[in-house]
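Here are the chains, one letter per residue:
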Amino acid sequence: MPILAGSGMATWESTTAVSLQHEVRLLVESGLSEVDALRAATTEPCRFLQHSELASIQVGGPASLILVSENPLDDIRALGEIELFLQDGMVMLDYVSAP
């Protein structure tokens, strides 16, 4: 049975990055592997909602993603160190080039 992070939110709009990061961290602390916790917040909700095309990065596809400073598979807390945030292919936050 797939686990879906963020599925307890009242509305999609109420989902914040901080609360989702916290939920993913709690999943790992509860025994889920880092990779499975990341899947619970990314690919599994897309598949459940029957939007598998949103679950991958591909040429011509939507590009909404974050770039973090460290590997979250080594330490899930790296999700809190966002360097770059892209939504629909547009840079929304760029901490790397910020002064």
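The rules behind these values
- Residues numbered from 1 in each chain as written.
- Predicted model: local features only at pLDDT ≥ 70, side-chain atom pairs only at ≥ 80, totals over all residues.
- Heavy atoms only, no water.
- Patch = residues over 30% accessible without salt bridge, like charges linked within 9 Å, V, L, I, M, F, W, Y side chains within 5 Å.
- Areas by Shrake-Rupley, 256 points an atom, 1.4 Å probe, with all protein chains shown as cover.
- Salt bridge = Lys/Arg side-chain N within 4 Å of Asp/Glu carboxyl O.
- Helix = DSSP H or I, 4+ residues; strand = E, 2+ residues; numbered from the N terminus.
- Buried < 20%, exposed > 50% of the residue type's maximum accessible area, 1.4 Å probe, protein only.
- Contact = heavy atoms within 4.5 Å.
- Polar contact = N/O pair within 3.5 Å; in protein donor to acceptor, adjacent residues only side chain to side chain.

Peer 1: Account for a nonpolar patch on the surface, with residues named and values stated.
Peer 2: Residues Met90, Met92 and Leu93 make up a contiguous nonpolar surface patch of about 290 Å² in total accessible area. Considering the arrangement of structural elements, one finds methionine 90 in strand E3 (residues 90-94).

Peer 1: Can you explain unusual backbone geometry? Please cite residues and give values.
Peer 2: With phi around 60°, glutamine 50 is a residue other than glycine that occupies positive phi space. Judged by its relative accessible area of 69%, glutamine 50 is exposed.

Peer 1: Tell me about the environment of glutamine 21, and please be specific about residues and values.
Peer 2: Take glutamine 21: it is sitting in helix H1 (residues 17-29). With a relative accessible area of 18%, glutamine 21 lands in the buried category. Each C-alpha atom, one on glutamine 21 and one on alanine 5, is 9.4 Å from the other, the two residues being 16 residues apart in sequence. Those residues in contact with glutamine 21, other than ones at most four positions away along the chain, are Leu79, Gly80 and Ile82.

Peer 1: How would you sum up the pattern of salt bridges? Please name residues and give values.
Peer 2: Pairing between side chains of opposite charge can happen when the charged atoms of each approach one another. Using the criterion set out here, one finds three salt bridges in the structure. One salt bridge in this structure joins aspartate 36 and arginine 39, with 3.1 Å as the shortest N-O distance. Residue aspartate 36 and its partner arginine 39 are both found in helix H2 (residues 34-41); the two are separated by three residues, about one turn of the helix. Overall, the relative accessible area of 41% leaves arginine 39 in the partly exposed class. Between glutamate 44 and arginine 47 there is a salt bridge; the shortest N-O distance is 3.9 Å. You can see glutamate 44 and its partner arginine 47 sitting in helix H3 (residues 43-48), three residues apart, about one turn around the helix.

Peer 1: Before we move on, can you summarise the environment of serine 33 with the specific residues and values?
Peer 2: Structurally, serine 33 can be placed in the loop between H1 and H2. Spatially, the C-alpha atom of serine 33 lies 8.4 Å from that of leucine 73, the residues being 40 residues apart in sequence. Polar contacts involving the side chain of serine 33 include one to the main-chain amide nitrogen of aspartate 36, which spans 3.1 Å.

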